[in-house]
Structure formats: C-alpha cells, structure tokens
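Observations on the model geometry
Residue-level listing of the chains:
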Amino acid sequence: GGQLSKRKYDNSVWALELGAREWTHVQCAGTPPKPRAGHTLTMINPHDALLFGGHAEQHCSQDLFMLSLATASWSRPVVGGTPPAPTSGHVAVGVG
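To keep things clear, this report deals only with the structure shown in the data block. (Residues numbered from 1 in each chain as written. Predicted model: local features only at pLDDT ≥ 70, side-chain atom pairs only at ≥ 80, totals over all residues. Heavy atoms only, no water.)

**Quick notes on the pattern of salt bridges**
The tally for this structure, following the rule as stated, stands at 1 salt bridge. D63 is the salt-bridge partner of R36, the closest N and O atoms lying 2.7 Å from each other. Taken together, the positions of R36 in the loop between β4 (22-26) and β5 (40-45) and D63 in the loop between β8 (59-60) and β9 (64-68) put the pair 27 residues apart, joining distant regions of the chain. (Salt bridge = Lys/Arg side-chain N within 4 Å of Asp/Glu carboxyl O. Helix = DSSP H or I, 4+ residues; strand = E, 2+ residues; numbered from the N terminus.)

Next comes the structure, spelled out in structure tokens:
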C-alpha cells in the first residue's frame, strides 16, 4: 500500500522475489486495513508483520493489523494497554 498520487491511497500487498528479482501482487484474505500512507510494517517473526498507523482521508490512524505471510491473510491482533497516539511518518522496530 501507500500513496499513489495526491489524495489517492492504496492498500494492496506486493512481494519481491529476491532470487528472480520479480514483483508479484499478493491477494490477501481477511479484512485489510484502509488504504493509507506513512504507516509502518514491522516483521515480528519470520512469518508475521504488524502494520501500525499511517494517514488517509486527512487523518492519522492508530489502528493495528497483522499480516500473516504464511497464509497471506490480514487480522486484527488483540493487545492490551493504551496504544500510541495516532501517527504517520514514524519508525517502528521489532524487539525480542
């Protein structure tokens, strides 16, 4: 996903096959995040990534999604605590 042009956002998933140096559009199951830009996608293990924040429709987000690379599916993980403020253009790092 990301920003395609002024005020036009995308939520598609693409994979780059490093050996073949070829891009492939990935059809994902589940409910995807709304189209956005300025988000982070952070690997949390070899098979899962977390998408957080970003902006679209003139507001920042604080929602959290998990993308399973093993099953090409989106889900909404259940987490505790108070989430960070809505943010865009930030940095995220997986630790642990």
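**Thoughts on a nonpolar patch on the surface**
On the surface, W14, L16, L18 and W23 cluster together into a nonpolar patch covering about 500 Å² of accessible area. One can find W23 in strand β4. By relative accessible area, W23 is classed as exposed at 56%. (Patch = residues over 30% accessible without salt bridge, like charges linked within 9 Å, V, L, I, M, F, W, Y side chains within 5 Å. Areas by Shrake-Rupley, 256 points an atom, 1.4 Å probe, with all protein chains shown as cover. Buried < 20%, exposed > 50% of the residue type's maximum accessible area, 1.4 Å probe, protein only.)

**A few points about the nonpolar core**
Grouped together as the largest cluster of nonpolar side chains are 5 residues: V13, L51, F65, L67 and W74. Excluding its chain neighbours within four sequence positions, the residues that come into contact with V13 are T24, H25, V26, C28, L67 and W74. (Core = buried A, V, L, I, M, F, W, Y, C linked by side-chain atoms within 4.5 Å. Contact = heavy atoms within 4.5 Å.)

**Quick look at the packing of aromatic side chains**
Here the structure, examined in full by the defined rule, presents 1 aromatic pair. Centre to centre, the rings of F65 and W74 are 6.2 Å apart; their planes meet at 85°, and the pair counts as edge-to-face. Across from the ring centre of F65, 4.3 Å away, lies the NZ or CZ of R76, which sits over that ring. (Phe/Tyr/Trp six-rings, centres within 6.5 Å; stacked < 30°, edge-to-face > 60°. Lys NZ or Arg CZ within 6 Å of the ring centre and 35° of its normal.)

**Side note on the pairing of strand β1 (residues 2-5)**
When β1 meets strand β2 (residues 8-10), the two strands line up antiparallel, connected through 3 bridges. By the bridge assignment for β2, G2 is matched with D10. Between β1 and β2, which pair antiparallel one after the other, the connecting turn spans 2 residues, and R7 there sits at a positive phi close to 60°. (Pairing = 2+ DSSP bridges.)

**Looking at the side chain of D48**
Inspection of the secondary structure puts D48 in strand β6 (residues 48-52). Although buried, D48 forms no salt bridge, and the nearest oppositely charged side chain, R76, lies 14 Å from it. (Lys, Arg positive; Asp, Glu negative; His and termini not counted.)

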